[in-house]
Amino acid sequence: MCGVFGLIGKNSSSVSGDVFRLLRHRGPDDYGLLCWDGEKPPTRGKRVSCAASLVYLAHTRLSILDLSKAGWQPMGTPDGRYYIVYNGEVYNYRELRAELEKAGVRFRSHTDTEVVLRAYALWGPEALNRFVGMFALAILDTKRRAVFLARDFFGIKPLYYTHLPDGGLAFASEIKALLALPGVKARAHPQRLYDYLRYGLTDHAPETLFQGIYHLPPAHYMVVPVDEPRRAEPVRYWDPTPTETLDISFEEATSRLREMFLESVRLHLRSDVSLGSALSGGIDSSAIVCAIRHLDPGAEIHTFSFIAEDAPEINEERWVDLVGRHVRARVHKVRPRPEEIVEDLDDLIYAQDEPFGSTSIYAQYRVFRLAREHGIKVMLDGQGADELLAGYPTYYAARFLSLLRQGKWGAALYFLRHASKHPASQGIWAILKRTVAHLLPDSLQSPLRRMAGEEVLPAWMNGEWFAERGVRPRPLWKSRSREALKEQLLLTFAQINLPSLLRYEDRNSMWHSIESRVPFLTPQVVQFVFSLPEGYILSLQGVTKAVFREAIKGLVPDSILNRRDKIGFRTPEARWLTALRPWVEDLLRSEATRAIPVLCLEAARKEWKAMLEEKRRYDSRFWRWVNLIRWTERFEVEYE
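This structure is a prediction, so every number in the text was calculated from the model and none was measured.

So, how was this worked out
- Residues numbered from 1 in each chain as written.
- Predicted model: local features only at pLDDT ≥ 70, side-chain atom pairs only at ≥ 80, totals over all residues.
- Heavy atoms only, no water.
- Helix = DSSP H or I, 4+ residues; strand = E, 2+ residues; numbered from the N terminus.
- Rg over C-alpha atoms; globule rule 2.2 N^0.38 Å.
- Buried < 20%, exposed > 50% of the residue type's maximum accessible area, 1.4 Å probe, protein only.
- Contact = heavy atoms within 4.5 Å.
- Lys, Arg positive; Asp, Glu negative; His and termini not counted.
- Charge placed at Lys NZ, Arg CZ, Asp CG, Glu CD.
- Axes fitted to C-alpha atoms, helices over the stretch in contact; angles between N-to-C directions.
- Nonpolar A, V, L, I, M, F, W, Y, C, P; charged D, E, K, R; others polar.
- Polar contact = N/O pair within 3.5 Å; in protein donor to acceptor, adjacent residues only side chain to side chain.
- Salt bridge = Lys/Arg side-chain N within 4 Å of Asp/Glu carboxyl O.
- Pairing = 2+ DSSP bridges.
- Core = buried A, V, L, I, M, F, W, Y, C linked by side-chain atoms within 4.5 Å.

(A) Structural detail: the overall build of the protein chain. Each helix and strand counted, the protein chain has 27 helices and 18 strands in total. Relative to a compact globule of 640 residues, whose C-alpha radius of gyration would be 26 Å, the protein chain shows 25 Å and is just as compact. Its C-alpha atoms give the protein chain principal-axis dimensions of about 70 × 60 × 45 Å. For the protein chain, buried positions account for 62% of its 640 residues. For the protein chain, contacts bridging at least 24 residues in sequence account for 74% of all contacts bridging at least 6. The average position of the 87 basic charges and that of the 80 acidic charges among the side chains of the protein chain differ by 1 Å.

Right, here's the structure in full:
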């Protein structure tokens, strides 16, 4: 894991100190930079003159594979044509190395970085589809006079860029490094701000919440000409959308998924440093921990868990302990108190760069801090499984809708009757309510959502401000497919859920100088699951993750596999904010808050009071107000 930064088409000699300081947490073990004037060979080192540079590349290193100086970056090819700065881990690097050696390539290190560089030198952009792992990289091609930027299939590793006033382009692993550049302002993006405040939605589009700063989208690369950086356009190299539904039996699907999952965990265990795993006690994290024990019976397993103290309805400690005993793990737990989030909030907001959806991100932040305190540098996590295998309550309505649209009325009623008995479905009325929302014509969406208290433009949002900036309020998602479950899975996977969850995970882990790995997210696993019939994922009996539960039988305790609730690292957010009432109310009355034009504070205070008096149901909009206010102050965000 590392931090990467680059400037293309700009004299960059004055920014190196800030870059290393701002990205040091991503790579505390080493650093290096490269400067190229476009004519002479590039110069590399820890301190080199970058006067009149056309290309500047900087790198901070968290050493995971080949801890020697041979892994130092920026790394170049022997012929001096290509140079790379790279953030990530390609787990099948040994297999790729063997293939490259057969083609005549000779290696000087045992790093995956050198494998990635030499693979690109031999195969060009086609090399990306051979990688199994996570990556964000920049490769300077001195002959072609271009910089090749690329991001992994799912966006596990971040890569941001912005166009500079003088025509140059800058890129970085984190937004804060770009905001430090002259001419780059912290200005709120109106549409992305609406998406966040209304739905808690972030990281779903090329634009960030900072106007003029963009993501390189997942599964995309971009070739940046060093002489004309503004000509660069993202190019997609991979798409998770299935081209067909596989015609295989449920038994064959479970067998193949088990094999794929164990192989993925095996690859993700490759490391030259200490390794641990996040454990919530749910199916996904438990499966990873149990797979580690299956693959390496003698391994010392460390698990790290958040425990919701004084919240029995979401406390998963008994499940954590059960799995810990099953695999003979060293179980570590953290139990934050409400006042601790106030103490840590500024650091957390700064680590994340952009606002986040709920205080569950703080639970994750504390888990990574705990892991770091115990000397762990690599963590495995179950991120992506819920979006892949229908782990959220909203998927029940999508499955019901699929059956209705396919004319399977008997199966639809059977599903509704059985699914509504599972706690995770939130009951029959929740399923029906969500289904009806997809069936309503667009003309009725706004008035009926208003009647249900789900307005697309709530009273606490300043509709006039958003309208003046061309923002059009809209529902988050409306299904139009006969396979509504597949449609929603792909949407939450590519836009609504997973991109933001991966950002949270990357920033929380890297803030504590930890590499976090996600074994569910490989192209092979994802394309296979998305190609299965919907009933294999969410069964007619209302069992979520049906094919995966069957695939890991014998690995994971039956009591875990038989769980029908869905909790995860969920926090008692309403209880926490109620306990912090004086602090919240001070924020809502503050001078800084009054200067934020997107909130209608009188309406917000009324909703807050109604929630405290139990006249209005709690949801995370209250947290989003708090987060927005503190984010605005921390980054000195401007609202134009």
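(B) Here's a closer look at the packing of helix 12 (residues 394–405) against helix 17 (residues 484–496). One can describe the packing of helix 12 onto helix 17 by two numbers: an axis separation of 7 Å at closest approach and a directional angle of 145°. Across from Thr394, Tyr395, Ala398, Arg399, Leu401, Ser402 and Arg405 in helix 12, the residues of helix 17 making contact are Ala484, Leu485, Gln488, Leu489 and Thr492. Of the residues belonging to the contact of helix 12 with helix 17, the class tally is six nonpolar, four polar and two charged.

(C) View of the environment of Arg335. Relative to the helices and strands, Arg335 is located in the loop between strand 16 (330–334) and helix 9 (338–352). C-alpha separation for the pair Arg335 and Pro42, spaced 293 residues apart in sequence, amounts to 50 Å. Every residue in contact with Arg335, bar those within four places of it in the chain, is listed here: Ile307, Glu309, Glu317 and Glu340. Among the polar contacts made by the side chain of Arg335, one reaches the side chain of Glu309 at a distance of 3.0 Å.

(D) Here's a closer look at the pattern of salt bridges. Applying the stated criterion across every chain, the model contains 48 salt bridges. Arg130 is the salt-bridge partner of Glu99, the closest N and O atoms lying 2.6 Å from each other. Placement of Glu99 in helix 2 (residues 93–102) and of Arg130 in the loop between helix 3 (112–123) and strand 7 (133–141) is noted, with a sequence separation of 31 residues between them. Across the pair Arg589 and Asp586 runs a salt bridge, and its minimum N-O distance is 2.9 Å. Placement of the pair is Arg589 and Asp586 together in helix 24 (residues 581–589), with a separation of three residues, close to one helical turn. Residue class for Asp586 comes out partly exposed when judged on its relative accessible area of 46%.

(E) Main features of the side chain of Ser285. Checked against the element boundaries, Ser285 lands in helix 7 (residues 283–295). Reaching out from Ser285, the side chain makes a polar contact with the backbone nitrogen of Ser280 at a distance of 3.0 Å. Once residues lying within four places of it in the same chain are set aside, the contact partners of Ser285 are Ala278, Leu279 and Ser280.

(F) Structural detail: helix 19 (residues 523–530). With six of eight residues buried, helix 19 lies mostly within the body of the structure. Every buried residue of helix 19 is accounted for by Pro523, Val525, Val526, Phe528, Val529 and Phe530. In the core, the buried residues of helix 19 are packed alongside helix 6 (250–268), helix 11 (385–389), helix 17 and helix 20 (534–537).

(G) Looking closely at the sheet that holds strand 8 (residues 146–151). If you walk across this open sheet you meet the six strands as 5-6-7-8-12-13, and the pairing is antiparallel. Two strands lie at the open edges of the sheet, namely strand 5 (75–76) and strand 13 (235–236), each paired on one side alone. Here strand 6 (residues 82–90) runs beside strand 7; their pairing, made up of nine bridges, is antiparallel. Of the residues in strand 7, the one forming a bridge with Val85 is Ala138.

(H) Representation of the nonpolar core in the model. Formed by 193 residues in total, the largest nonpolar core has its most connected members in Phe5, Leu193, Leu197, Val598 and Tyr639. Apart from the residues lying within four places of it in its own chain, the contact partners of Tyr639 are Ala188, Leu193, Trp465, Ile596, Pro597, Val598, Leu628, Trp631 and Thr632. Counting residues in each nonpolar core, the second largest holds 23 residues, with Leu54, Leu169, Val226 and Ala232 among its members.

(I) Region of interest: the side chain of Glu174. By the element assignment, Glu174 lies in the loop between strand 10 (169–172) and helix 4 (175–179). Overall, the relative accessible area of 0% leaves Glu174 in the buried class. A polar contact is formed between the side chain of Glu174 and the side chain of Lys176, at a distance of 2.6 Å. Leaving out residues up to four positions away in the same chain, Glu174 has contacts with Leu23, His25, Arg26, Tyr160, Ala351, Asp353 and Arg507.

(J) Looking closely at the pairing of strand 12 (residues 220–225). Counting buried positions along strand 12 yields five of six residues, so the element is predominantly enclosed. Inspection of the sheet shows strand 8 paired to strand 12 by five bridges, in the antiparallel sense. Its bridge partner being in strand 12, Leu149 is matched across the sheet by Met222. In terms of strand pairing, strand 12 meets strand 13 through two bridges, oriented antiparallel. Bridge pairing in strand 13 links His220 to Arg236.

(K) Just the pairing of strand 2 (residues 30–36), in detail. Taken across its seven residues, strand 2 has seven buried, putting it largely inside the fold. Side chains of strand 2 alternate between two faces, with Asp30, Gly32, Leu34 and Trp36 and Tyr31, Leu33 and Cys35 buried alike. Relative to strand 4 (residues 55–61), strand 2 runs antiparallel, the two being bridged by seven bridges. Its bridge partner lying in strand 4, Gly32 is registered against His59. Of the strand pairs in this sheet, strand 2 and strand 3 (residues 43–45) are connected by three bridges, and their pairing is antiparallel. The residue of strand 3 that forms the bridge with Leu33 is Gly45. The loop that links strand 2 with its antiparallel partner strand 3 comprises six residues; one of these, Gly38, has a positive phi angle of about 90°.

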